[in-house]
Amino acid sequence: MPALPPQETSQPGSKSAARSSSVVWSPSYLGYTWTRGHPMNPTRLDLTMRLARAIGLLDGVEMIEPSAANDADLLRIHTPDYIAAVKTANTHPVPFDALDPPYGLGSADNPIFPNMHEAASIITGGTLAAAREIAAGRTRRAVSIGGGMHHAMAGSAAGFCVYNDVAVAISWLLDNGYDRIAYIDVDVHHGDGVQRAFYADPRVLTVSVHQHPATLWPSTGYPSECGVGAAEGTSINLAVLPQTSDAMWLRAFHAVVPGAVESFRPQIIISQCGVDTHREDPLADLALTVDGQRAAFLAMRDLADTHAEGRWLAVGGGGYGLIRVVPRSWTHLIAAALDRTIDPTTPIPSSWSDYVATIAPSVQLPDTMGEGGDIAYRPWDGPGGAAETGIAEQDRAIRAIDTAILATRRATFPLLGLDQDDPRD
């Protein structure tokens, strides 16, 4: 078992009894179970927590077990008729192959399952619990890997998401002392539900780094989607092409996200940490490794430390490499929140591998907590600043990612008072 540094116990300016970091977890999260064979299988959550325990990450960590979100919580974002429809979904069966069922409930993506309302409410309650712990000063960082249902709309389910836990938590924070909230979404799919909920609200900055909408559902998240009215400039979309690798993704992230966050001056950063950006994910086409995803988590944590006095709320999201990918990536996410470093070369504990072999004997299990991904990105150095390497494939990748960077910066940076072409902004 690797040696992990001790968890921090205090923070300048925090209450003496405050925890540095919190993990929100409930076994009830495993009740968010769609149909047999559905890509979003709660096994990924169970295996993540088993791996985190096996590696010693959760030693001495007191878990926060949430209660379910109530109707008043859900009504912050969702309509009364939609909530009623979720509650009664099991009594109104819909054909499995329905293309456009009422409220999005009963489609192939969002099939009706037993106790759907209760399962979705506990997921939302977990993200709310994390928000409340931070707002009350009882913790500085909080992570709930069950959350991140960023596609759910006010009146419909979408993309495996029933209730939009992140939007509910943001709404609650806006009513409880926060008026500058930065939401960063690194899921492979556009964070459309959260963007839509706050598209006209200048108090919320939504940043989504995702696969280009011309190549992937939900076909939204173009750079031109910038917000409306007083909120123009507070929706930022960075769309990258299929097969984008660690180094190129990180080049793009660091060319856009830190400057936008610094300009916005958030009081808290909320991160949706979907890991369907991985090269093995069956539902998308990016080419990140576990190492690249870990680097993204650490970058968002560092932004919170730099610009939001360390206040960071992290949730899960997508990720359908149920065994080889999600458990390792989200164990690194939990480690980032706890300030407990796990070296990517750390061997996978045999106790975890032995357990997984009993439930998935045909899966080739990883040996270490990383994959040797190349995360040594070259920082963006302005329009036309990247010198040709003479390696055709690499030069094409740089040109493609720099095109994406410029499209986003030119659409939004002037609205934030930043220079779109100056790499220092």
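Before reading further, recall that the structure is shown in the block above.
Residues numbered from 1 in each chain as written. Predicted model: local features only at pLDDT ≥ 70, side-chain atom pairs only at ≥ 80, totals over all residues. Heavy atoms only, no water.

Draft legend 1. Highlighting the nonpolar core. Counting 131 residues, the largest nonpolar core has Y32, I170, W249, F253 and I334 as its most contacted members. In terms of residue count, the dominant contributor to this core is helix α7 (residues 246–264) (12 residues). Residues contacting W249, with those up to four places away along its chain left out, are V186, V209, V240, T244, L286, L288 and A296. (Core = buried A, V, L, I, M, F, W, Y, C linked by side-chain atoms within 4.5 Å. Buried < 20%, exposed > 50% of the residue type's maximum accessible area, 1.4 Å probe, protein only. Helix = DSSP H or I, 4+ residues; strand = E, 2+ residues; numbered from the N terminus. Contact = heavy atoms within 4.5 Å.)

Draft legend 2. Representation of helix α4 (residues 116–135) within the structure. For α4, which comprises 20 residues, the first-to-last C-alpha distance of 29 Å matches the rise-based estimate of 28 Å (1.5 Å per residue) to within 8%. Downstream of α4 by a residue or two, G137 has a phi angle that is positive, lying close to 75°. (Expected span 1.5 Å × (residues − 1).)

Draft legend 3. Region of interest: the pattern of salt bridges. Scanning the entire structure with this criterion turns up 19 salt bridges. Close ionic contact of D71 with K87 constitutes a salt bridge, the shortest N to O distance being 2.7 Å. Taken as a pair, D71 in helix α2 (residues 71–74) and K87 in helix α3 (residues 80–87) lie far apart in primary sequence, 16 residues in all. For D71, a relative accessible area of 33% gives the class partly exposed. (Salt bridge = Lys/Arg side-chain N within 4 Å of Asp/Glu carboxyl O.)

Draft legend 4. Spatial organisation of the sheet that holds strand β7 (residues 268–272). Here eight strands make up an open sheet; going across it, the order is β2-β1-β3-β8-β7-β4-β5-β6 and the pairing parallel. Of all strands in the sheet, those with a lone pairing partner are β2 (63–64) and β6 (235–240), marking the two edges. Of the pairings in the sheet, the one linking β7 to strand β8 (residues 312–315) comprises four bridges and is parallel in character. Looking at β8, one finds that I270 is bridged to L313. Sitting on the sheet, helix α5 (residues 165–174) touches β4 (181–185), β5 (204–211), β7 and β8, and the angle it makes with β4 is about 170°. Of the strands in this sheet, β4, β5, β6 and β7 touch α7, which is tilted by about 175° from β5. (Pairing = 2+ DSSP bridges. Axes fitted to C-alpha atoms, helices over the stretch in contact; angles between N-to-C directions.)

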